[in-house]
Amino acid sequence: MIAAHATDVDRTGAFPEASIAALAAAGLLGAISAEDAGGLGLGVRGAAEVIRRVARECGSTAMVASMHYCGAAVLEKFADTDTRKAVASGAHLTTLAFSEAGSRSHFWAPVSTATAGGDSVILDAKKSWITSATNAASYVWSSKPLAADGLSTIWLVPTVASGLTIHGPFEGLGLRGNDSSPVSAEGVRVPASAMLGADGAGFDVMMGVVLPVFSVLNAACSIGLMEGAVERTAKHAGAIRHSDSGSSLAELPTIRAYIARMRVKTDMARTLLEDTIAAMETGREDTMLRVLEVKAAAGETAVEVTDTAMRVCGGAAFRKEVGLDRYFRDARAAGVMAPTTDVLYDFIGKAVCGLPLF
Ligand SMILES: Cc1cc2nc3c(=O)[nH]c(=O)nc-3n(C[C@H](O)[C@H](O)[C@H](O)COP(=O)(O)OP(=O)(O)OC[C@H]3O[C@@H](n4cnc5c(N)ncnc54)[C@H](O)[C@@H]3O)c2cc1C
């Protein structure tokens, strides 16, 4: 079902409604939610497996599901039981609203505000990117703190809240169905109980709850894209022949070596992903380093692998006959998603050199 819709989603830029509904019907939007909320309780390992498998067919669907799982991880920790149950059931699609026009990819330092307004809180913001902006039921939202010290506070904002304007539709290079639009908030009122975690503690939620889940799922998405690209490249290389020599593309050693390198790089990234999840599950000392590494490594490798796929499949890939250009375009998104690859390299370099990250 997800595979059947993927090409149309990419061509039209439409939200992958049927694919997300299929994941919900299978209970998979509750993969990361706890069993007491009606979820599958599969943790980040299970969620990563879903994302990797989905991304092999449709990057847009994988992206929407990734952001849902990231929001769900926060809601699992801080939201009320009814919200957790709705998210786990798949009836309530959620997402993250961290990036802003002011702070751009430096999501840890929002410039949007939360001010007290009687018995409610008023949010004003210019959010620059929210995946599933039009289709989600809620945004897990960052702002400057209400009254406390600190860099940020996190809120649960229903997408039907008055004062929200979605500046869509999304018209992107890749992940074209992910419905990622700017959203502005002018005098949006939420109850004080919409605060997720303590006032001023948003940084801890971002780094402690969201970052590990986002990095792993983003890496899983990159790996799924690579696996999809390797599969399609090998199939094409085995299927077409040059009439002068009678040999298939796969019979050319140059082509085989490219495909071999694609597979080696894909497997290296997947092995790093496995190790990162193992580090998280056992609380290993190098967990944070692995979390930073895995998104950068998988994202960069996916750009290389899908670039090679385009080269191997030649003009047929350029003309969309192989369906690889979608993977090539989708793979480029991970590097600019915050924390971006360059920011990650800076953080990793600081960690290796024993310097503070912030
Ligand atoms: C498909 C897609 C979906 C998205 N979905 C969401 C979402 O659901 N929620 C959300 O909150 N955000 C989302 N984002 C936004 C994303 O997380 C980033 O915030 C955004 O892509 C950053 O783009 P920018 O042009 O503002 O980056 P800029 O901050 O302007 O960065 C431009 C370049 O400068 C580099 N750079 C910036 N700062 C540094 C630094 N300190 N050190 C080294 N290099 C640096 C960056 O790496 C980048 O190459 C999404 C982005 C994409 C592409």
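Residues numbered from 1 in each chain as written. Predicted model: local features only at pLDDT ≥ 70, side-chain atom pairs only at ≥ 80, totals over all residues. Heavy atoms only, no water.

1. A closer look at the overall build of the protein
Alright, step 1. What the protein contains, in helices and strands, is 10 helices and 8 strands.
Alright, step 2. Computed over C-alpha atoms, the radius of gyration of the protein comes to 21 Å, within 12% of the 21 Å expected from 2.2 N^0.38 for 358 residues, which places it in the range of a compact globule.
Alright, step 3. In terms of its C-alpha atoms, the protein occupies a principal-axis envelope of roughly 80 × 45 × 40 Å.
Alright, step 4. Considering only contacts in the protein between residues 6 or more positions apart, those separated by 24 or more positions represent 71%.
Alright, step 5. Accessible area of the protein: about 15,100 Å², with a carbon and sulfur share of 56%.
Alright, step 6. Charged side chains of the protein number 32 positive and 38 negative; the gap between the two group centres comes to 6 Å. (Helix = DSSP H or I, 4+ residues; strand = E, 2+ residues; numbered from the N terminus. Rg over C-alpha atoms; globule rule 2.2 N^0.38 Å. Contact = heavy atoms within 4.5 Å. Areas by Shrake-Rupley, 256 points an atom, 1.4 Å probe, with all protein chains shown as cover. Lys, Arg positive; Asp, Glu negative; His and termini not counted. Charge placed at Lys NZ, Arg CZ, Asp CG, Glu CD.)

2. A few points about the packing of helix α2 (residues 17–25) against helix α4 (residues 59–78)
Alright, step 1. Remark: α2 packs on α4, axes separated minimally by 10 Å, with the N-to-C direction vectors making an angle of 50°. As judged from the angle between their axes, α2 and α4 are oblique. For the pair α2 and α4, the sense of crossing is right-handed. Facing S19, I20 and L23 of α2, the residues of α4 in contact are T61, V64 and A65.
Alright, step 2. Its residues assigned to classes, the contact of α2 with α4 comprises 4 nonpolar, 2 polar and no charged. (Axes fitted to C-alpha atoms, helices over the stretch in contact; angles between N-to-C directions. Parallel < 35°, antiparallel > 145°, perpendicular 65-115°, else oblique. Left-handed = near helix turned anticlockwise from the far one by under 90°. Nonpolar A, V, L, I, M, F, W, Y, C, P; charged D, E, K, R; others polar.)

3. Here we look at the sheet that holds strand β4 (residues 138–143)
Alright, step 1. Here we have 4 strands laid out as an open sheet, ordered β1-β4-β5-β8, and mixed in their pairing. Each edge of the open sheet carries a strand with a single partner, namely β1 (94–97) and β8 (195–196).
Alright, step 2. Of the strands in this sheet, β1, β4, β5 (153–158) and β8 are in contact with α4, which crosses β1 at around 90°. (Pairing = 2+ DSSP bridges.)

4. Considerations on helix α1 (residues 2–12)
Alright, step 1. Among the residues of α1, I2, A6, V9 and D10 are the ones counted as buried. Taken end-on, α1 shows its buried residues confined to a sector of 90°, consistent with a single buried face. Exposed side of α1, more than 90 degrees from the buried face: A4, T7 and R11 are the residues found there.
Alright, step 2. Where α1 terminates, the next one or two residues include G13, which has phi positive at roughly 75°. (Buried < 20%, exposed > 50% of the residue type's maximum accessible area, 1.4 Å probe, protein only. Arc of directions from axis to C-beta.)

5. What to know about the environment of A114
Alright, step 1. Following the sequence through the fold, A114 ends up in strand β2 (residues 113–117).
Alright, step 2. For the pair A114 and E57, spaced 57 residues apart in the sequence, the C-alpha separation amounts to 40 Å.

6. Side note on the site of the ligand
Alright, step 1. In the vicinity of the ligand lie 21 residues, with S99, R104, S105, V336 and T340 positioned nearest.
Alright, step 2. A distance of 2.9 Å separates a nitrogen atom of the ligand from a polar atom in the backbone of L96.
Alright, step 3. Here an oxygen atom of the ligand sits 2.6 Å away from a polar atom, N or O, in the side chain of S105.
Alright, step 4. For the ligand, whose unbound accessible area comes to 980 Å², protein coverage reaches 74%.
Alright, step 5. Counting residues per element, the ones that place at least two in the shell around the ligand are α4, β1, β3 (120–130) and α10 (341–352).
Alright, step 6. Top contributing element to the shell around the ligand by residue count: β1, with 3 residues.
Alright, step 7. Here the shell around the ligand is composed, by residue class, of 11 nonpolar, 8 polar and 2 charged.
Alright, step 8. Lining the shell around the ligand are residues from two domains, each supplying at least three of them: domain 2 (96–199) and domain 3 (203–352). (Near = heavy atom within 4 Å. Polar contact = N/O pair within 3.5 Å; in protein donor to acceptor, adjacent residues only side chain to side chain. Domains from an automatic or database assignment.)

7. Topic: the domain arrangement of the protein
By a widespread convention, an interface's size corresponds to the accessible area lost as its parts come together.
Alright, step 1. If you check the domain split of the protein, you get domain 1 (2–93), domain 2 (96–199) and domain 3 (203–352).
Alright, step 2. With centres defined by C-alpha atoms, the gap from domain 2 to domain 3 works out at 30 Å.
Alright, step 3. With 14 residues of domain 2 at the contact, the number on the domain 3 side is 15 residues.
Alright, step 4. A buried area of about 1,300 Å², summed over both sides, lies between domain 2 and domain 3, and 82% of it is on carbon and sulfur atoms.
Alright, step 5. The three residues of domain 2 that bury the most area against domain 3 are F107, W108 and L175, which together make up 42% of that side's buried surface. (Buried area = accessible area lost by both parts, 1.4 Å probe.)

8. Side note on the pattern of salt bridges
Alright, step 1. Per the stated rule, a full pass over the model turns up 25 salt bridges.
Alright, step 2. Close ionic contact of D36 with R84 constitutes a salt bridge, the shortest N to O distance being 2.7 Å. In this pair, D36 is assigned in the loop between α2 and α3 (43–55) and R84 in helix α5 (residues 81–89), connecting sequence segments 48 residues apart.
Alright, step 3. A salt bridge links R45 to E274, with the nearest nitrogen and oxygen atoms 3.3 Å apart. (Salt bridge = Lys/Arg side-chain N within 4 Å of Asp/Glu carboxyl O.)

9. Brief notes about α3
Alright, step 1. Between its terminal C-alpha atoms α3 stretches 18 Å, which fits the 18 Å expected from 13 residues at 1.5 Å a residue.
Alright, step 2. For α3, the full list of buried residues reads V44, G46, A47, A48, V50, I51, R52, V54 and A55.
Alright, step 3. Buried positions along α3 lie against α1, α2, α4, α6 (202–239), α7 (253–282) and α9 (325–331). (Expected span 1.5 Å × (residues − 1).)

10. Quick notes on the packing of aromatic side chains
Alright, step 1. Summed over the entire model, instances satisfying the criterion amount to 8 aromatic pairs.
Alright, step 2. With centroids separated by 6.4 Å and ring planes inclined at 15°, the aromatic side chains of F98 and F107 adopt a geometry described as stacked.
Alright, step 3. The class of F98 is buried, set by a relative accessible area of 6%.
Alright, step 4. Lying over the aromatic face of W141, K127 brings its terminal NZ or CZ to 5.0 Å of the ring centre.
Alright, step 5. Between the NZ or CZ atom of R332 and the centre of the ring of F328, over which it lies, the distance is 5.7 Å. (Phe/Tyr/Trp six-rings, centres within 6.5 Å; stacked < 30°, edge-to-face > 60°. Lys NZ or Arg CZ within 6 Å of the ring centre and 35° of its normal.)

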